[in-house]
Amino acid sequence: MLTAAIRKAFAEGQDSAAFTLDVQFEAAAGVTALYGPSGSGKTLTLDMIAGFAQAEAGRILLDDRILFDSGARVNLRPQERACGYVFQNHALFPHMTLRENLAFAAQGLPRLERHRRIAEQLDRFKLTALAGRLPHQLSGGEKQRGSIARALLASPRAVLLDEPARGLDFALRADFHELVQQMRASLEIPILLVTHDLEECFALADRMLIYEAGRIVHRGAVSELRSSPGTAAVARLMGGFNVYAAEVLALDPGRQSSRVRLLDTELDGPHLPGCFLGDQISLCARPEELRVANSPGKNRIRVDLVRTKERAQLVDADFGSELLVSVSRERWAEVSEAGPKAGWWVEIPAAALRPLSSAPAPR
Amino acid sequence: MSIDWFPLRLSLEVAAGATAVSLVIGVWLAWLLANKSFRGKEVLDALTALPLALPPTVLGYYLLVLIGRSSVIGRAWEAVTGAPLVFTWRAAVIASTLHAIPLLVKSSRAALENIDRAFERAGRSLGASEWRLFWRVSLPLARRPIAAATALAFARSLGDFGATLMIAGNIPGRTQTAAIAIYDAVESGDSRTSLILVLVISALTALIVFLANRLEQRRGGAVL
């Protein structure tokens, strides 16, 4: 278990605005993603946990050890923190072979044990054949495996990954995801993953800390955040949601339904506990849950196609005003043929609409 | 008339000694300036560059004051070894060291500061002590520019004149280095000796500068 409460203020610099990092969180065994835009303090948080940067105030605990405590004036050196750090550029020592890089991490072990552990680790990460190569003779994916293998060899009690998949192509990214999942399965330690790739959070993380401007604006289990982001701000931040302003027109708690007006159209809405007639509320819906049609119908809104983007399995059709729809390629082939003549409608099923609290995102 | 090669041999020996001493002190100072923040860092920074700017005779004067027979260091040396420190080859080494250090500190510091911080951070997070980090990571990564600076420092020590003359003197067969011997030969009209020494020193220096450039250039290669 990693517990961190850290604060540090940076004065306005020559080419940087004033910035304050102020976060508290706990990370249990498993993958915790630190998600947010660049410059929101994610990497700085990792650096403070690893001991590369010092917080002004706060406390960092890893299991039963105090890594940092401003009150008690404890500030362990990076060497003593047992945090495995995986750098964006891998930071394999360029003048050492892969084997020597691993040996560097296993220095504390007795000779025989060291050789055994290195051989084991090379094997586990499918690097045995490459052990004699220098880092510049390795591919991006191999370097990545090497740097993770090296970090784990030092028996860390937490692993810190700083945007490790940045700049990797699709296939390597998949390899990397597999690697993290293996790591998560085999190690009962907190793994912190800094990323600004939402897909990566969904694929790898158990929990998410959503960063914005030096604060954690929302947190929770990924599965929960995914189905109900809670607030409009989080829904927007996380992306992948259409967010609507709506007015409550009718409530029918008995049938667990409602009528709402959104985008100037009256629609069937979901059960809205705690709402009153006439309330202005926020609702969200995931693009995969909306449907495209070529004729009017229940809960359908007449729209114009703005643009489309093709992905591997899906087509993202953007109909403007928060009407992004993701449909399968087959379905898209059907509707896009008729679309230009018959016109476009987007259907928002009542079950797809989820109420959001309109309150500002909690800290 | 055969030419006296002693001054050249002495010069090479003194330069080798001075380079060795200044390499140790210079890289240590460079590491200090590159990695640590402490009070008086800027003063130290300026002090290490000073020998580059001061007239050699001024430098020699300070050295005389510092290690002369009446100074604390000079008397301590004499008490231990039984002979004065000034006007010996050792004094010439000290003068040359002082001349070589600024070059080494400046280049080594730049080389150490140029190392990607991620390497040192990685080393620390893997549990390596600062000492091990320096020997296994920082120094190997900065070895080319440091080697180039060392070569230049050797060339520089080879040619020191003013400071050496001030504290080691011009004692033929004992403290007369090549640079001083050339001056002596010109003064006494021995144009053959001066010409030969000048040519040898020039060739040596050119070779060293060429070597240093080669070391410097390959730094940007694939390995680093």
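Residues numbered from 1 in each chain as written. Chains lettered and ligands numbered in written order. Predicted model: local features only at pLDDT ≥ 70, side-chain atom pairs only at ≥ 80, totals over all residues.

1. Observations concerning the overall build of chain B
- Counting its secondary structure elements, chain B contains 11 helices and zero strands.
- Along its sequence from the N terminus, chain B presents helices and strands in the succession α-α-α-α-α-α-α-α-α-α-α.
- Taken along its principal axes, the extent of the C-alpha atoms in chain B is 65 × 40 × 30 Å.
- Evaluated residue by residue, chain B yields a buried proportion of 41% over its 224 residues.
- Of the contacts formed within chain B by residues at least 6 apart in sequence, a portion of 76% connects residues at least 24 apart. (Helix = DSSP H or I, 4+ residues; strand = E, 2+ residues; numbered from the N terminus. Buried ≥ 20, exposed ≤ 12 C-beta atoms within 10 Å, placed from the backbone. Contact = placed C-beta atoms within 7 Å.)

2. With respect to the interface of chain A and chain B
- Taken residue by residue, the interface counts 20 residues in chain A and 17 residues in chain B.
- Going through the elements one at a time, strand 7 (83-86) and helix 2 (98-105) of chain A are the ones with two or more residues in the side of chain A that touches chain B.
- At three residues, strand 7 of chain A tops the list of elements feeding residues into the side of chain A that touches chain B.
- Across the side of chain A that touches chain B, the residue classes tally to 12 nonpolar, seven polar and one charged. (Nonpolar A, V, L, I, M, F, W, Y, C, P; charged D, E, K, R; others polar.)

3. As for the sheet that holds strand 21 (residues 344-347) of chain A
Residue and element names in this part refer to chain A.
- On the basis of which strands lie adjacent, the open sheet formed by three strands has the order 16-21-17 and antiparallel pairing. Since the sheet does not close on itself, it has two edges, and those belong to strand 16 (291-293) and strand 17 (300-303), each with one partner. Strand-to-strand twist of the sheet, defined as the mean angle between neighbouring strand axes without regard to direction, takes the value 30°.
- Note: strand 16 against strand 21, three bridges, orientation antiparallel. Looking at strand 21, one finds that Ala 293 is bridged to Trp 345. (Pairing = 2+ DSSP bridges. Axes fitted to C-alpha atoms, helices over the stretch in contact; angles between N-to-C directions.)

4. Topic: the confidence of the model for chain B
- Taken over all residues, the pLDDT of chain B has a mean of 89, while the share at 70 or more is 96%.
- Both confidence scores are given for the complex: pTM 0.77, ipTM 0.80. (pLDDT = per-residue confidence, 0-100.)

5. Some thoughts on the packing of helix 5 (residues 89-114) of chain B against helix 8 (residues 143-158) of chain B
Residues and elements named next belong to chain B.
- At a minimum axis separation of 9 Å, helix 5 and helix 8 run at an interaxial angle of 160°. Overall, the two elements helix 5 and helix 8 adopt an arrangement that is roughly antiparallel. Crossing handedness for the pair helix 5 and helix 8: right-handed. Counting all contacts with helix 5, which are made through Ser 96, His 99, Ala 100, Leu 103, Leu 104, Ser 107, Ser 108 and Ala 111, the residues of helix 8 involved are Pro 145, Ile 146, Ala 148, Ala 149, Thr 150, Leu 152, Ala 153, Arg 156 and Ser 157.
- Residues belonging to the contact of helix 5 with helix 8 are distributed by class as follows: 10 nonpolar, six polar and one charged. (Parallel < 35°, antiparallel > 145°, perpendicular 65-115°, else oblique. Left-handed = near helix turned anticlockwise from the far one by under 90°.)

6. Describing helix 3 (residues 56-67) of chain B
Residue and element names in this part refer to chain B.
- When the terminal C-alpha atoms of helix 3 are compared, their 16 Å separation across 12 residues agrees well with the 16 Å that a helix rising 1.5 Å per residue should span.
- Those residues of helix 3 not exposed but buried are Leu 59, Gly 60, Leu 63 and Ile 67. On an axial view of helix 3, the arc spanned by its buried residues comes to 100°, and they lie on one face.
- Close packing links the buried residues of helix 3 with helix 2 (41-53), helix 4 (72-81), helix 5 and helix 9 (162-168). (Expected span 1.5 Å × (residues − 1). Arc of directions from axis to C-beta.)

7. Thoughts on the nonpolar core
- Leu160(A) and Leu193(A) are the most contacted members of the largest nonpolar core, which totals 153 residues.
- Take this core: its biggest share by element is 13 residues, from helix 5 of chain B.
- Two domains each donate at least three residues to this core, and these are domain 1 (2-227) and domain 2 (235-356) of chain A. (Core = buried A, V, L, I, M, F, W, Y, C linked by C-beta atoms within 7 Å. Domains from an automatic or database assignment.)

8. A short note on helix 5 of chain B
Residue and element names in this part refer to chain B.
- Between its first and last C-alpha atoms helix 5 spans 37 Å; for 26 residues at 1.5 Å apiece the expected length is 38 Å, and the two agree.
- By the largest-angle criterion, Ala 100 marks the main kink of helix 5, which is about 30°, and a proline, Pro 102, follows within four residues.
- Among the 26 residues that make up helix 5, 21 are buried, leaving the element largely enclosed by the rest of the structure. (Bend = angle between axes of the 7 residues up to and from the residue.)

9. Re the domain arrangement of chain A
- When cut into domains, chain A gives domain 1 (2-227) and domain 2 (235-356).
- Measuring from the centre of the C-alpha atoms in domain 1 of chain A to the corresponding centre in domain 2 of chain A gives 39 Å.

10. So, the sheet that holds strand 13 (residues 257-262) of chain A
Residues and elements named next belong to chain A.
- A sheet is described by the order of its strands in space; here five strands give the open sequence 14-13-12-15-22, paired in antiparallel fashion. A single partner strand is all that each edge strand has here, and the edge strands are strand 14 (265-270) and strand 22 (354-356). Strand-to-strand twist in this sheet, taken as the mean axis angle between neighbours without regard to direction, amounts to 50°.
- As paired strands, strand 13 and strand 14 are joined by six bridges and run antiparallel to one another. Its bridge partner being in strand 14, Ser 258 is matched across the sheet by Gly 269.

11. With respect to the environment of Val58(B)
Residues and elements named next belong to chain B.
- Mapped onto the elements of the fold, Val 58 is located in helix 3.
- Taking the number of C-beta atoms within 10 Å as the measure of exposure, Val 58 has 15 and is therefore partly exposed.
- Along the chain, Val 58 and Met 166 lie 108 residues apart, while their C-alpha atoms are 9.1 Å from each other.

12. Quick word on the packing of helix 4 (residues 140-153) of chain A against helix 5 (residues 170-186) of chain A
All names here are of chain A.
- Relative orientation of the contacting elements helix 4 and helix 5 amounts to 15°, with a least axis distance of 10 Å. Taken together, helix 4 and helix 5 sit at an angle that is classed as roughly parallel. The two elements helix 4 and helix 5 cross, and the hand of that crossing is right-handed. Together, Gly 140, Gly 141, Gln 144, Arg 145 and Ile 148 of helix 4 and Leu 172, Asp 175, Phe 176 and Leu 179 of helix 5 make up the contact between the two elements.
- Across the contact of helix 4 with helix 5, the residue classes break down as four nonpolar, three polar and two charged.

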